[in-house]
Structures are given as C-alpha cells and as structure tokens.
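What follows is each chain in one-letter form.
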Amino acid sequence: MKYHLIFFFILNSLIVHSQVQLDSSKVFKINELEYLEMKGADVMLAHDFYPESHQGGVGIIQNGIRVATNGDLRLEPTPGQWQPVPKVGERMVDRSKQEISVKMTYPDESKDRKGFNPIEYPDLNLSYTLKVKPMGKSFKIVVDLDSPLPAEWVGKVGMNIELFPGILFGKSYYMDDSFGIFNRQANGPGYTDQDGEYQIVPMAIGKELIIVPEDGRQTLRIQNLQNSQLQLIDGRAKHNNGWFVVRSLVPAGKTKNAIEWLVTPNVISDFKYSPVVQVSQVGYHPEQEKIAVIETDKTDLEIEEVKLQKVNSRGGFTTVISKRPKEWGDFLRYKYYHFDFSEIKDSGMYVVSYKDFKTRPFQISTEVYKRDVWQPTLEYFLPVQMCHMRINDRYKVWHGRCHLDDARMAPINSNHFDGYLQGPETMTRYKSGEHIHGINIGGWHDAGDFDLRVESQAATVQGLAHIYEIFKVDYDNTTIDQNTKTVEIQQPDGVPDVIQQIEHGVLSIIGGYKSLGRFYRGIIVPHKRQYVLLGDAVNHSDNIDYSGDSNLSQTDIKNIEIGKVGAPDDRWVYTEDNPKREMSTAAALAAASRVLGGYNKEMAESCIEISIAIWKKTTTENPLDKVELAVELLRTTRNDEYSRFLTDNHRIITENIARTGWLVAPALPLIKQKSFKVKVSKAVQGYLKEINGLEEETPYGLVYKPNIWGAGWGIQNFGMRQYYLHTGFPEFFPKKYILNSLNFILGVHPGINTSSFVSGVGSRSITQAYGMNRGDFSFIPGGIGSGTALIRPNLPELLEWPFLWQQTEYVLGGGTTDYIFLVLAADQLLNKKE
C-alpha cells in the first residue's frame, strides 16, 4: 500500500510541476534575449534605437504583430523626424528584481543619425531610468527621474508610446467612460500652444485606455497608476507619417515612479504563430530549383503534409504533390521547413497549401520571366522618377516639369539636414548662392526625397548600360522627348527605353561636370518644408531662376515663400573632394559610352573623355578605389594601360576578392597575363567556400544578415554579382545564388507578409510604399522596396504602411537596376541552350 501512496504522490507532483510549467508560459518573464516574453506577447526595451522611423524605447508585439513602439520620455506630444531624442545607455537586466532598465539622458548631441545635422536641443538636462517589469499577464512601465523636472518644463515632458495606425483604422477605443474610433485621417480641432506650435486636441483623456475591445487579438489596456491623466493623441495631425500616441505628463516635483503605467496586452489562448508559406509570387522556370519555405511557431510540433496543387482551367485544384516538409531548423524567432517541388515541370498555375495557409497562384513556365516582371520597373518606375520632365500616363500626370530652376551653389561650411556637406570652399568658379546653368536637365529623383545624388545617378546609368550590353534589351514602350521635356508612358517611340534612360542619367552627370568643372555631390531642396513634400515635385519651387540676394541661407527661406514667383526656393548643388566617388561615377560614364555610340555619338565621346580625364587627374591612396574604373576603361578602350594597372595590383585585388571578383571577371578575356587569371580564379574559389558556409545560416539559400533596414537591395546586389562570378567561372561557380536572390525579392523571405518587394509584380506585392505618392497610401509600379526589416532582436517585419523608409522605400541605383538585371539573368541562364 505504501508503494501505491508513494507512486500517487510522485504522479501528483509531476502533474502539479507540469501545470506550473504550463502556467509560466502564460505570464510575462524575462527571457535569454533580455525582453519580457509571454505566450502571445513580447515587450522589448531599447533593443532598437531608430525613433524617427518608429523603432525604439518600449515596444510591444501582440499575437505576432508589433502594435506599439517608442515608449519613452519625449519633449513634444507628437514628435517628428528632426526633434530631440535621448541618449540611450546600456540595457540592464536584474533577474532577482525581475526588472529591465536603461539609463536615458537629454541632450544627446553626440548623435548624427543617417548623416543628418545634429538635432538642435533645448536647454534641458534630464537624466532618468526607464524600466519594464513583468506583472503576471501585465507589465509595468516605470520612469524614475534623477532629479525633479525643471519648472519651465513641467507640462511639456511626457511619457509617450506610439500605436501602429495601420491595424487600428475603423476600430474602437474606450477612455474611461468616453469612446470613439480610430479615424483614417487626422481630424481637428487644433490649437496653438504657448510656444507657438500647432497641436491637436487629444482624442480622449482619462485614467484607463482600452484599445480595440471588440477584437481580442488587438485588445490592449493601458492604466495610469499615478495621478496624471492619459492622453490619446493623433500624431498624424502634425506629421503625415505619425502614429497614434498615448501620453501622460511628468508631474512636478516627482522623481521616484514619476511615470507608472500598467499595460495589459490581451493574447489569444494558447497562441501559436500561424504557419506561413513563402514562395515566389511570380513563379518558377521548369528547370529551376523550387523550394517553398514554411515558417512556423517554434513550439508547433504538429507537422502536416504540404500540398502542391495545380489550378484547373475550368475551376478547382488538382493535388500534384502531398508530402511532409523537411525540417530546416530555427532562424530568428521561428522554425523553418522546406517543401521541395523541383520535380514538377508541367506548365500552369499552382498554389501551395499548408494547414490553413494557401499561397496566391504562381506559375511554372519557361516564359515566367519574359513579361510583367522586369518591365514595370523600366516602363513605370524609372519614368516616374525622371526629374525635369512632365510624366504623362494616359489620363494621369505623375508630375509636372519640375526643378527647371536648378540650381544654386550651396553655402560654404554648411551641413544639410539630409547629410550633404559643403566645406570651406565651393571647389568651383561659382560663389555660394550663385545660380549655375546647365544642370536643370536629366537625372532621376532618388527615393521619396526628390534629390539627385551623383552616386545614384551613376549607379543607375552603369546598371542600365550593363543590362543593355549583356541582355540586348530593345524593349520600347515609352516616349521620351528631351526637347519638350515630356514623357508618355505606354507609348513607344521607336527607341529602346533603356538607351533613353541611360541618356537621361548621363545628361545630369555630364551637365553638372561641364558647368561645375567637376562632378556634383548632390542637388537638393534647401528647406525642410520642401523636403517633406508628398506629391508632385513641381510644387517644390516656382521653376524660375532666383535672381535676388545670393547670400540668403536656408534659414532665410520662409515656408510661405516656397513656390511663389521670385522665391529663393531653387535647389542647392553640393560639391565635395571624394576620389572614390569620382572614380565610380567616371566608371559609369565609361560603361555608358559603350552603348550610347550608336544612338548619341557626341554624348558617348563626352562620357569617355571625362572618364579618362578623371583617371588621369584623380589620385587615391587605395588602389581598390580605381579597380572598377580600370575595368570599365579597359572594356571600353582596350588600352593596355588599364590591364597593367589590374595585373600590377593583383595582390590587393585577390585579397579583397569579395569586393573585386565580380568586377574583374568580365575583363579577364582582355587581360593577357595568364598568372593573373589563375590568381583571381583561386581567390574566387576561396570566396565561394565562404559563401557556401554563410548560406547554411539561413533557410533561404543565400547570404542574409537581417538588420534594422530591409535587406532587399543588398540581396539584389549580391545576386547581381553572382552572375558575373558564375559566367566568369562557370566551371565551379553555381547559378543558384542568382536564382535564390531573385526568389527572396519576389516573396521567399521571412515574416508574415510574403509580398514581392516589387510593387505591382507578382500575385501579391507591396502596394503601400515610400515613394512620391506615399501620402495617397499608394505605390509606383516597378518600384522596389527595401523589404523585410528586423525589429531587434528577432522579429522580421514588413508592415503594410507607406511611411517606413527602412521597409518600403524606393531608391535609384542598384536598388532599381540590380532587380532588372537579376530577372534578365535568370531568364537567360534558365533558357540557355546547352
């Protein structure tokens, strides 16, 4: 009998222990990655610090979605991009107290994020400790000040946390006994505060805020445990890219527990991340490796069969394959599996299904990359980005003939808020403020900022030149008239669009060179009011050359003057002494000269003349800076001088083969020295081993290091480089990295959002993006977003929201041309007859 009792007690103990273990996953605790974790919710503190783009402070992930961020003390009710932020100290974890904390300090004048001017800080010295503490299914946010708030700052400093608007529109909230909905647009009334700043009247004020009580997946409760009130404020009233803000003011005289909130995110019972199947939203070539990546919760052990189903032309589906996926392992916060259906070669439309997830339809066809894949970038995105032109698109005008008043020489000793620097001299014959003729032509707006960065212009020109040269792209669906400065989308004019786009970029580069006697660094608006423009760039200025006082600085330009006739609203042009950038720009012109000869001989000659002049007069201490220019000049002129430079520098080239291998590969047939080729080949084989090792670190079959910015552009560039290595060394360098890179861009990437990064391409794509029409929550067909970003330490995120530049921004240069190159390369290699 006693043995039965012993057995009973042991069994009962195991059951109780098991129950404790189970319950412990349903309350917040500090995990190994130093954040609060509960089944269905996570709370980060200072893992990220990018507050101007809504990453930082206290962040909340609820049922798999990031719902709140930037929990911290701020000096404004709804701060914007260039407003003061604190200096972040080291995150401290005290497991005995169950507390995570970080020391914060105003001012943080050491920071110069993204190359901007150091932020102008007010006269305030404020140090405090920001804490998060687990409280069962809730957590506390606590702020302890080192000393009481100065009297003049009482009523100004408050605890803010921002709520992601994209999932709140049309949903409800309660603040004590008041209630309302989250509107799609910011509504008044507003008022002018004591500092003369516009502020919006809070949506609600009270002690307890409950967000989206009607949907348990989003219900979030915030209680203010101190005497001050919570305010719910629409941050979009001051900044189009703002979020909803919950705020409470720091009270006078308080230090300990100056702020104390209790936050309760509701979680789905026994929450598990729902499986996601990641495939190319465009599809696959029959001879291509086809692997769907399945992303699941790490605790999901119920693995079922995956189905590949063919879409029947008469409706319905036919299951072609049904099998269990192969486990890959853990990556970031998920577990991954591979579903290989490479054996399927029959043409048609297909879907992949796993549990409740079914992909959008994609095709398997030898024609998969022939149409609707790279063309939108050439026939929509590049035309829309063209500066100094009117862009007509049937009934629509994307923008008018903008920036015809380009440009004035930038002030010396100035640091533009977007990172441009002008030193103690202009390095030209022009004085600061003087108008420079000959540069109001050509070029593409870079990103949503409407500036012309010379490196973006050059990289776009060079990329398009290589595309035309290698893939013989004679596609023509756009009319481009430089005489009338007019573009007509969807109207052919008999000239290959790629050639006309190359010409447009070269017009800007050589126009600047001939006017300034050197390459410009960048051309950009002088005032923030212009810089933040959403919409038609023709509204940046009056399009008339400014003829007034040339000594006006950027602070002299008043908002009300912008766009008025005679206003000093012309863009500024910056110059610099940067040998590396000068040589890369010259390399682009050398490439352009090879393809422009049959279309615009005079321009082609100017390109090569400038390139050779830069080669001769530009000096650098690092020979690597000249490798690209040497290769392009060798390929253009076949002059042995450039071949000798490469062979003379074989050591530094082979020691940096990851940077140089793809550059020198296409020039190897022009180099007579056999030993150079042998050395390069050996170094490339070593680089391949490195890539093979790095490939094993992710389930995506390529080199991928998630970061705060989306990795899409970098992966495009990686894939483009692999083409040159594969074609230069076909005996050992595979083509799989080219194809895997393209798949990543087109949908095989981490996270719940499996969209193609290329707007309008594939069955699902980014349709809210950071382009010139982001204010309309829209997109530009063929624009390539930066893609899935990392919310540190382990959440991949691609929000459907047009204002996060680190996820959906469009850019020029390789961010555009590398994509076109990848698609054409895949088509060429997969349809190549052996």
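Not measured: the values here are computed from a predicted model.

Peer 1: Would you take a moment to explain the overall build of the protein for this structure?
Peer 2: Counting its secondary structure elements, the protein contains 16 helices and 42 strands. Taking 28 Å as the expected radius of gyration for a compact globule of 834 residues, we find that the protein reaches 29 Å, a close match to that expectation. Along the first, second and third principal axes, the C-alpha atoms of the protein reach 95 × 70 × 55 Å. Counting over 834 residues, the protein shows a buried share of 58%. Positive and negative charge centroids in the protein, built from 91 and 101 side chains respectively, lie 5 Å apart.

Peer 1: How should I be thinking about the packing of aromatic side chains in this particular structure?
Peer 2: Given two aromatic rings, their pairing is described by the distance between the two centres and the angle made by the two planes. In total, this model carries 44 aromatic pairs according to the counting rule given. By way of ring pairs, the aromatic residues F164, F169, Y173, F182, W243, F244, F777, W801 and F803 are connected into one cluster. Over the aromatic face of W398 sits the side chain of K396, whose NZ or CZ is 3.6 Å from the ring centroid.

Peer 1: Looking at this model, I keep getting lost on the sheet that holds strand β37 (residues 478–481). Mind explaining?
Peer 2: Backbone-to-backbone hydrogen bonds join strands into a sheet, with any given pair of strands oriented parallel or antiparallel. Within the open sheet, the 4 strands sit side by side as β32-β31-β38-β37. Their pairing is mixed. Of all strands in the sheet, those with a lone pairing partner are β32 (396–399) and β37, marking the two edges. Sheet twist, expressed as the average angle between the axes of neighbouring strands with direction ignored, equals 20 degrees. Running at roughly 155 degrees to strand β38 (residues 486–489), helix α2 (residues 375–385) makes contact with β31 (390–393), β32, β37 and β38 of the sheet.

Peer 1: Is there a simple way to explain the sheet that holds strand β21 (residues 276–278) in this structure?
Peer 2: Strand order in the open sheet made by the 4 strands is β21-β23-β27-β26, with antiparallel pairing throughout. In the strand order of this sheet, the two ends are held by β21 and β26 (326–331), each with one partner. Each neighbouring strand pair of the sheet contributes to a mean axis angle of 25 degrees, computed without reference to strand direction. In this structure, β21 lies alongside strand β23 (residues 291–297), joined through 3 bridges in antiparallel fashion. Across the sheet, V276 pairs through a bridge with E295, a residue of β23.

Peer 1: Help me out: how do you make sense of the pattern of salt bridges in this one?
Peer 2: Pairing is possible between side chains that carry opposite charge, provided their charged atoms lie close to one another. Applying the stated criterion across every chain yields a total of 38 salt bridges. E260 is the salt-bridge partner of K140, the closest N and O atoms lying 2.7 Å from each other. With K140 in strand β9 (residues 138–145) and E260 in strand β20 (residues 259–265), this residue pair connects regions lying 120 residues apart in the sequence. For the pair K140 and E260, a shared accessibility class is recorded, and that class is buried. A salt bridge links D372 to R371; the shortest N-O distance between them is 3.8 Å. Look at D372 and you get exposed, because its relative accessible area is 51%. Salt bridges sharing partners connect three or more residues here, namely E455, R521, E576 and R581.

Peer 1: Teacher, can you tell me more about helix α3 (residues 454–471) here?
Peer 2: In an α-helix, one full turn covers 3.6 residues, which means residues spaced three or four apart are oriented alike. Helix length check: α3 (18 residues) gives 25 Å between terminal C-alpha atoms against 26 Å at 1.5 Å per residue, within 8%. With 13 of 18 residues buried, α3 is to be regarded as a mostly interior element. Following α3 by one or two positions, K472 has its phi on the positive side, about 50 degrees.

Peer 1: How do you make sense of helix α8 (residues 624–637) when you look at a structure like this?
Peer 2: Here α8 spans 20 Å end to end across 14 residues, near enough to the 20 Å set by a 1.5 Å rise per residue. Counting buried residues in α8 gives 12 out of 14 residues, a clear majority hidden from the surface. Of all the residues in α8, the buried ones are L624, D625, K626, V627, E628, L629, A630, V631, E632, L633, L634 and R635. Looking at the packing, one finds that the buried side of α8 touches α3, α6 (579–596), α7 (601–617), α9 (640–648), α10 (650–655) and α11 (657–664). One or two residues past the end of α8 sits R638, with phi positive at roughly 60 degrees.

Peer 1: What is the right way to look at the pairing of β38 in this model?
Peer 2: Two faces make up the sheet, and in a regular strand the side chains alternate between them. Examined bridge by bridge, β31 and β38 share 3 bridges and lie parallel to one another. By the bridge assignment, R390 is partnered in β38 with T486. Inspection of the sheet shows β37 paired to β38 by 4 bridges, in the antiparallel sense. From the neighbouring strand, I480 faces β38, where its bridge partner is V487. In this antiparallel pair of consecutive strands, β37 and β38, the connection spans 4 residues, and K485 shows a positive phi of 55 degrees.

Procedures and definitions
- Residues numbered from 1 in each chain as written.
- Predicted model: local features only at pLDDT ≥ 70, side-chain atom pairs only at ≥ 80, totals over all residues.
- Heavy atoms only, no water.
- Helix = DSSP H or I, 4+ residues; strand = E, 2+ residues; numbered from the N terminus.
- Rg over C-alpha atoms; globule rule 2.2 N^0.38 Å.
- Buried < 20%, exposed > 50% of the residue type's maximum accessible area, 1.4 Å probe, protein only.
- Lys, Arg positive; Asp, Glu negative; His and termini not counted.
- Charge placed at Lys NZ, Arg CZ, Asp CG, Glu CD.
- Phe/Tyr/Trp six-rings, centres within 6.5 Å; stacked < 30°, edge-to-face > 60°.
- Lys NZ or Arg CZ within 6 Å of the ring centre and 35° of its normal.
- Pairing = 2+ DSSP bridges.
- Axes fitted to C-alpha atoms, helices over the stretch in contact; angles between N-to-C directions.
- Contact = heavy atoms within 4.5 Å.
- Salt bridge = Lys/Arg side-chain N within 4 Å of Asp/Glu carboxyl O.
- Expected span 1.5 Å × (residues − 1).

The values are spatial; any link to function lies outside them.
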